[in-house]
Amino acid sequence: VSRRDLDEMHDAVRKAAIKDQEAAGVDVVSDGEAQRDNMIDYFTERLPGVQLDQSSKRFYYDFYDSMVRSKLATGSLGLAEEARFLSRFTSAVPKVSISGPHTLVKRIQNKFYPTEEAFALDLARVLNFELKELVKAGAQQLQIDEPYYSGFPEDMPWALKAVNTLIDGVNVPVTLHICYGNRYGKPSFEGRYRYLFPAILDTKISAVSLEFARRGEEDLQLFKEYDVPFQLGLGVIDVKSQEVESAALVADGIRRALEVVPAEKLVINPDCGCVRLPREVAFNKLAAMVEGTRMVRKELGK
């Protein structure tokens, strides 16, 4: 398959993903990220200074073996096209996600920087330039995906410091998404979100997106225990199950969250990305998420 043919196929699927989200009633949409083979290689292939072993990847969703041997150079990764594509094909709020410094550092062999922290901070500097390019290209919201936090809670002092470096000077809302992994539709880690607190309170993010549909809701109490300055992205859709939630179930989860978090600080979203779900299942789950949210909005008079 030629690169041109592959790009055309990706674009067709991206348009379909956008229209599915619009038809489901989602307020903030992405392009579906069909053009990304996975959340690591899509970035390592573009990062100036990262070397890839092209023979190390046997399956599309697998990861390349990658390595950094010198200081990363600053330059465009070419992600701005995603924001332009979104702005062209949707009138909803366009949002683009990137993999965060901590997650990328955990997958790239470090043969140059003295510590993982130094590597992550320099990576955040490079990605900061890219975020600003995405905003210029039309992205109205951004998201940083950090699924590896839950596997390495001891890294939080420098991992969250890298987040502030990454979003410095970025003038659109930025969500930090933290889950327990979604590799081949299965969680990579277990545990609780308590390890994030109170360190996460010092970040300059606009929202933190956490998974609550699959796991217990006891961690909601953290938002009652601490004076959290940003919004909560409440995961109400289990993306690791093909069973479609009912709108009533979604609404019940939102109501319980509202006992802790005020409505103006609550954003409703799936636990994680829907990449491992069949298209029809993903659409029906999003539609249930939207309908459940509308039920609660009506109760609140909104």
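What counts and what doesn't
Residues numbered from 1 in each chain as written. Predicted model: local features only at pLDDT ≥ 70, side-chain atom pairs only at ≥ 80, totals over all residues. Heavy atoms only, no water. 1 Å grid on protein atoms, 1.4 Å probe; cavity = no way out; pocket = protein on both sides within 12 Å on 5 of 7 lines; lining within 4 Å. Points joined across faces, edges and corners; volume = space filled by probe spheres on them. Helix = DSSP H or I, 4+ residues; strand = E, 2+ residues; numbered from the N terminus. Nonpolar A, V, L, I, M, F, W, Y, C, P; charged D, E, K, R; others polar. Buried < 20%, exposed > 50% of the residue type's maximum accessible area, 1.4 Å probe, protein only. Pairing = 2+ DSSP bridges. Contact = heavy atoms within 4.5 Å. Axes fitted to C-alpha atoms, helices over the stretch in contact; angles between N-to-C directions. Polar contact = N/O pair within 3.5 Å; in protein donor to acceptor, adjacent residues only side chain to side chain. Parallel < 35°, antiparallel > 145°, perpendicular 65-115°, else oblique. Left-handed = near helix turned anticlockwise from the far one by under 90°.

J.: Would you mind going over empty space enclosed by the protein with me for this structure?
T.: Remark: the empty space left among the atoms is shown by a probe the size of a water molecule rolled over them. Scanning the model with the defined rule gives one cavity of 30 Å³ or more in all. The computed volume of the largest cavity comes to approximately 30 Å³. Along its surface, the largest cavity is lined by Ser-30, Asp-31, Glu-33, Arg-36, Glu-82, Leu-86, Lys-95, Val-96 and Ser-97. Only helix H3 (80-89) and strand S4 (93-99) provide two or more residues apiece to the lining of the largest cavity. When residues of the lining of the largest cavity are assigned to their parent elements, the largest contribution, three residues, is made by S4. Tallied by class, residues from the lining of the largest cavity come to two nonpolar, two polar and five charged.

J.: Just to check I follow, could you spell out unusual backbone geometry for this structure?
T.: One can expect most non-glycine residues to show negative phi and most peptide bonds to be in trans. Residues Phe-197 and Pro-198 are joined by a peptide bond in cis, for which omega reads 0°. Within the secondary structure, Pro-198 sits in the loop between strand S7 (174-178) and strand S8 (207-210). Positive phi, close to 60°, is recorded for Glu-33, a residue that is not glycine. Note on placement: Glu-33 falls in the loop between strand S1 (28-29) and helix H2 (41-44). Glu-33 gets classed as partly exposed once you look at its relative accessible area, which sits at 26%.

J.: Looking at this structure, how should I read the sheet that holds S7?
T.: Where strands meet in a sheet, backbone hydrogen bonds hold them as pairs that are either parallel or antiparallel. Taken together, the seven strands give an open sheet; going across it, the order is S1-S4-S6-S7-S8-S9-S10, and neighbouring strands pair in parallel fashion. Every other strand in the sheet has two partners, leaving S1 and strand S10 (266-270) as the edge strands with one partner each. As paired strands, S1 and S4 are joined by two bridges and run parallel to one another. By the bridge assignment for S4, Val-29 is matched with Pro-94. With respect to the sheet, helix H5 (residues 116-136) is in contact with S4 and strand S6 (141-145), its orientation differing from that of S4 by roughly 165°. Packing against the sheet, helix H8 (residues 247-258) makes contact with strand S9 (231-237) and S10, and its axis sits at approximately 155° to S9.

J.: Hey, could you run me through the sheet that holds strand S2 (residues 50-53) in this one?
T.: Strand order in the open sheet made by the three strands is S2-S3-S5, with mixed pairing throughout. Bordering the open sheet on either side are S2 and strand S5 (108-110), each of which pairs with just one other strand. Direction aside, the axes of adjacent strands within the sheet are offset by 30° on average. Bridging between S2 and strand S3 (residues 65-68) involves four bridges; their strand directions are antiparallel. For Asp-53, the partnering residue across the bridge sits in S3 and is Asp-65.

J.: Would you mind going over the environment of Ser-66 with me for this structure?
T.: Structurally, the position occupied by Ser-66 is in strand S3. On the accessibility criterion, Ser-66 (3% relative accessible area) is buried. Residues Ser-66 and Asp-41 lie 25 residues apart in sequence; the distance between their C-alpha atoms is 8.8 Å. In this structure, Ser-66 is in contact with Thr-44, Val-50, Gln-51, Leu-52, Arg-107, Ile-108 and Gln-109, ignoring residues within four places of it in sequence. Here the side chain of Ser-66 touches Arg-107 through a polar contact of 3.4 Å, landing on its backbone oxygen.

J.: It is not clear to me how the environment of Pro-270 should be interpreted in this structure. Could you clarify?
T.: Topologically, Pro-270 is positioned in strand S10. In this structure Pro-270 comes out as buried when scored by relative accessible area, which is 16%. A sequence separation of 31 residues divides Pro-270 from Val-239, and the C-alpha atoms of the two residues are 6.9 Å apart. When near neighbours in sequence (up to four residues on either side) are disregarded, Pro-270 contacts Gly-235, Ile-237, Val-239, Leu-286 and Met-289.

J.: Got a minute to help me understand the environment of Gly-32 in this structure?
T.: Tracing the sequence through the fold places Gly-32 in the loop between S1 and H2. Judged by relative accessible area, which is 43%, Gly-32 ranks as partly exposed. Spatially, the C-alpha atoms of Gly-32 and Ala-17 are 5.4 Å apart, while their sequence positions differ by 15 residues.

J.: Looking at this model, I keep getting lost on the packing of helix H1 (residues 3-24) against H3. Mind explaining?
T.: Each pair of packed helices can be summarised by the angle the axes make with each other and by the distance between the axes. Close contact between H1 and H3 brings their axes to 11 Å; oriented N to C, the two are set at 55°. The angle between the axes of H1 and H3 places the two elements in the oblique class. The two elements H1 and H3 meet at a crossing, and its hand is right-handed. In this structure, H1 contributes Asp-11, Arg-14, Lys-15, Ile-18, Lys-19 and Glu-22 to the contact, and H3 contributes Glu-81, Glu-82, Phe-85, Leu-86 and Phe-89. Split by residue class, the contact of H1 with H3 holds four nonpolar, no polar and seven charged.

That's the geometry; what it means functionally is another story.
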